[in-house]
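# A structural walkthrough
Next come the chains, spelled out residue by residue.
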Amino acid sequence: MLLSSILDRDKRSSARAVSVAWRVAVGVARVVTHTIPSARTASGDIMLRLPLSLHPPGLFLLLIAVMFRSVAAIEVLMVGNSYTSPVAPMVRSLMEEIYTNSSVLPITAGGAQLQGWPTDANLKNALSGDQQYDWVVLQDQSQVAGFHVFSDFQQSRVEPVVAIDSLIRENGARTLLYATWGRERGDTMNSFYPDFKTMNQLLLEGYTLYRDAISTPERPALIAPVGLAFEAVYDAVVEEGVVDPAAVESQFSKLYQGDGSHASNLGSYLAACVLVSTITGTDPREWIYSPSLSEEDRDMMQEFAWKAVQDFVGEQHTQQSTMPPTVQPTTAAPSLPSTEAPTGSPTQYQPADMTQSTKAESSASGGGRKASFHAGVCLLSMLLLII
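Source: prediction; values computed, not measured.

Analysis parameters
Residues numbered from 1 in each chain as written. Predicted model: local features only at pLDDT ≥ 70, side-chain atom pairs only at ≥ 80, totals over all residues. Heavy atoms only, no water. Helix = DSSP H or I, 4+ residues; strand = E, 2+ residues; numbered from the N terminus. Buried < 20%, exposed > 50% of the residue type's maximum accessible area, 1.4 Å probe, protein only. Contact = heavy atoms within 4.5 Å. Areas by Shrake-Rupley, 256 points an atom, 1.4 Å probe, with all protein chains shown as cover. pLDDT = per-residue confidence, 0-100. Salt bridge = Lys/Arg side-chain N within 4 Å of Asp/Glu carboxyl O. Axes fitted to C-alpha atoms, helices over the stretch in contact; angles between N-to-C directions. Parallel < 35°, antiparallel > 145°, perpendicular 65-115°, else oblique. Left-handed = near helix turned anticlockwise from the far one by under 90°. Nonpolar A, V, L, I, M, F, W, Y, C, P; charged D, E, K, R; others polar. Polar contact = N/O pair within 3.5 Å; in protein donor to acceptor, adjacent residues only side chain to side chain.

What the protein chain contains, in helices and strands, is 10 helices and 7 strands. Per-residue burial over the protein chain gives 52% buried out of 387 residues. The contacts in the protein chain between residues at least 6 apart in sequence include a share of 81% that link residues at least 24 apart. Summed over its atoms, the accessible surface of the protein chain is roughly 17300 Å², and 55% of this surface lies on carbon and sulfur atoms.

Given below as structure tokens:
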């Protein structure tokens, strides 16, 4: 896929015009609901004191809103480290385009590994309280999932994931594994990570082992293939004729911060798109929100996110992985940088800043006849509600 040929702006703007119309319609519905007096019936139910003439258009407006987006709520808990912290607010903003009510709560600690979370008080409290989540997202330290090349992986890495999933199961939530990306130039500290693509493949294999260990036919765990989305960008740059995408300033290198490990704003948005698309099953190419990205960059990341999710969909429900380890198991100890090696159970708690959500951008101009029709219907229903 060439970078210059992946965008279909007419289809994008058409879908986004519908999204804008929906958001306006729901906004008006919320204002009307909160400003019109109400009373409780004998059974305690809320009954709006609406003039009879307002009931049909009000119901029509609600029908229009339901046609375009879900009116349900969704609760998501994200557990990880600095690979999760910048992504969680973006996940919440994207969720707001799909659900009328959404909550995304991150519990993160710098350099945290999944093996430390089963005994963490913050996570236990979050999952054992009154709050029931729909999804709990698990992200391991950036090198660890690929350590299945070592003989103690099952005991030291997989079993803690099983323990965390037991807590998640008791809460009534489902588990989503946030499969992170290989480092821009691989990992010089570990010879089995010589380059991005090798590291990316090993990480995905490890997350697949996590998934297989906790999945059941009744409650399958899912993988959000974020690393595959990074790899799709890498491959696209190679197709443009760049031999080493990490050696030059390219769309691939722009996914990373200067350390070649953590995601940039662009890379974090790509990760958020993959996560939300995996959870909701929706096409990210119609979404409006982006964290101060250009329209071109936003559209490109949405395209790559959708490609990764679609390419991986057949692998999601494979209960036993058939992928052999890329490197033969060994007993040698892997190396972790001192800044990422945890010193016991992670206890730092970082709730999301729910007051600083970036407002959705609107790029719906020139959206086509279908979008214009839907937008007109929504606006007409709003006028009927007011008249």
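Having seen the structure, we can now continue with the description.
Examined against the element boundaries, Val76 turns out to sit in strand E3 (residues 70-80). Owing to a relative accessible area of 1%, Val76 belongs among the buried residues under this scheme. In sequence terms Val76 and Asp134 are 58 residues apart; their C-alpha atoms lie 6.0 Å from each other. The contacts of Val76, once residues within four sequence positions are left out, are Met95, Ser103, Val104, Leu105, Tyr133, Trp135 and Val137.

Averaged over every residue, the pLDDT of the protein chain is 77; the share at 70 or more is 63%. Counted against residues more than four places away or in other chains, residues 30-54, with its pLDDT under 50, gives 23 contacts. For residues 338-375, every residue scores under 50 in pLDDT, and the model assigns this stretch 74 contacts once sequence neighbours within four places are set aside.

Okay, unusual backbone geometry next. Phi is positive for Ser292, close to 65°, though the residue is something other than glycine. Assignment of secondary structure puts Ser292 in the loop between helix H8 (265-280) and helix H9 (295-312).

Glancing now at the pattern of salt bridges. Tallied over the entire structure, the rule returns 10 salt bridges. For Asp165, the salt bridge goes to Arg169, with nearest N and O atoms at 3.2 Å. A residue pair is termed a helical-turn pair when its members lie 3 or 4 positions apart in one helix, as Asp165 and Arg169 do in helix H5 (residues 153-171) at 4 residues. Assessed through its relative accessible area of 2%, Asp165 is described here as buried.

With that settled, the discussion passes to the packing of H8 against H9. A packed helix pair is summarised by two numbers, namely the angle formed by the two axes and the spacing between the axes. Axis separation between H8 and H9 bottoms out at 9 Å; the angle between their running directions is 45°. Between H8 and H9, the crossing angle belongs to the class labelled oblique. Crossing of H8 against H9: the hand is right-handed. On H9, the residues that touch Leu266, Tyr269, Leu270, Cys273, Val274, Ser277 and Thr278 of H8 are Asp297, Arg298, Met301, Gln302, Phe304, Ala305, Trp306 and Val309. Broken down by class, the residue content of the contact of H8 with H9 amounts to 10 nonpolar, 3 polar and 2 charged.

It is worth spelling out the side chain of Arg183 at this point. Inspection of the secondary structure assignment puts Arg183 in the loop between strand E6 (174-178) and helix H6 (196-214). Of the polar contacts made by the side chain of Arg183, one reaches the side chain of Ser261; its length is 3.4 Å.

This part covers the packing of H6 against helix H7 (residues 226-239). At a minimum axis distance of 10 Å, the contact between H6 and H7 shows a crossing angle of 155°. Of the possible angle classes, the one that applies to H6 and H7 is roughly antiparallel. Judged by the twist between their axes, the crossing of H6 over H7 is left-handed. Contacts between H6 and H7 pair Phe196, Lys197, Asn200 and Leu204 from the former with Gly227, Leu228, Phe230, Glu231, Tyr234 and Asp235 from the latter. Of the residues belonging to the contact of H6 with H7, the class tally is 5 nonpolar, 2 polar and 3 charged.

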